[in-house]
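Residues per chain, in single letters:
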Amino acid sequence: ALATLTISVPTVVDGLRDRVSASSCDARLERWSSRLLRQVRVTLQVEGGEALDRSRTYVVMSNHQSYYDIPVLFQALGLPLRMVAKAELFQIPVWGRAMRDAGFIPVDRSKGREALKRLFDVRDRLERDRTHLWIAPEGTRSRDGRLLPFKRGGFQLAMVTGLPILPVTIDG
């Protein structure tokens, strides 16, 4: 919580001053994810990263096993990344405002069409900022690590926008 607060507060302050930039958020997220994984002694083993075309903008899709999946993805991919997150997270004081200011995308999972429209609306910003969008196609974390049924939104986004899907598996 403290590590997250240390990047949330400066992002909110920048937002209030209308000085939020993708690059400053990327730097904060890099430091945050690195620090969290060091603190819990996570060691990453990344396979297949050499095939990644870093000139493209991707819809990144991975399974969602734990709270640490997000910092793991930041560190394993080494790409500017934003997430689709359930709208309820954006109601948390300071943190929710920081997420919105940093370019994370709130989605009300009970309103499928509206959620999909919101994703289409951010495509241009993602490509302009060379930022990739992570979606857990399961829609939530698995309680036992098993893969849950996939939702359609991420796949529809990729099809309609023409953005390629970067499939990622998190194991462990």
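Look above for the structure.
Criteria and cut-off values
Residues numbered from 1 in each chain as written. Predicted model: local features only at pLDDT ≥ 70, side-chain atom pairs only at ≥ 80, totals over all residues. Heavy atoms only, no water. Pairing = 2+ DSSP bridges. Helix = DSSP H or I, 4+ residues; strand = E, 2+ residues; numbered from the N terminus. Axes fitted to C-alpha atoms, helices over the stretch in contact; angles between N-to-C directions. Phe/Tyr/Trp six-rings, centres within 6.5 Å; stacked < 30°, edge-to-face > 60°. Buried < 20%, exposed > 50% of the residue type's maximum accessible area, 1.4 Å probe, protein only. Lys NZ or Arg CZ within 6 Å of the ring centre and 35° of its normal. Polar contact = N/O pair within 3.5 Å; in protein donor to acceptor, adjacent residues only side chain to side chain. Right-handed = clockwise from strand over helix to strand, strands pointing away.

So, on to the sheet that holds strand β3 (residues 105-107). Strand order across the open sheet formed by five strands is β3-β2-β4-β1-β5, with parallel pairing between neighbours. With partners counted over all chains shown, the strands left at the sheet margins are β3 and β5 (165-168), one partner each. Shown here is a sheet whose adjacent strand axes are inclined to one another by a mean of 25°, direction ignored. Judged from the three bridges that link them, strand β2 (residues 81-86) and β3 form a sheet pairing that is parallel. In the strand pairing of β3, Val84 is matched with Ile105.

On to the packing of aromatic side chains, then. Applying the stated criterion to the full structure yields two aromatic pairs. Aromatic pair Phe150 and Phe155: ring centres 5.9 Å apart, planes at 25°, arrangement stacked. Judged by its relative accessible area of 45%, Phe150 falls in the partly exposed class. Residue Phe155 is classed as partly exposed on the basis of its relative accessible area of 30%. Lying over the aromatic face of Tyr67, Arg141 brings its terminal NZ or CZ to 4.1 Å of the ring centre.

Let us look at the environment of Ser24. Mapped onto the elements of the fold, Ser24 is located in helix α2 (residues 22-39). On a C-alpha basis, the gap between Ser24 and Leu77 in space is 18 Å, while along the polypeptide they are 53 residues apart. At 3.0 Å, the side chain of Ser24 and the backbone oxygen of Ser21 are in polar contact.

A word on the pairing of β5. Of the two faces of β5, the one lined by Leu166 and Val168 is fully buried and the one lined by Ile165 and Pro167 carries no buried residue. As paired elements, strand β1 (residues 59-62) and β5 share four bridges and run parallel to each other. Opposite Val59, over in β5, you have Ile165 as the bridge partner.

Here we come to the pairing of β2. For β2, a buried count of five out of six residues is recorded, marking the element as mostly surrounded by other parts of the structure. Sheet topology places β2 next to strand β4 (residues 132-135); three bridges connect them, and they run parallel. Bridging across to β4, Leu81 finds its partner in His132. With helix α4 (residues 95-102) bridging β2 and its parallel neighbour β3, the resulting β-α-β unit is right-handed.

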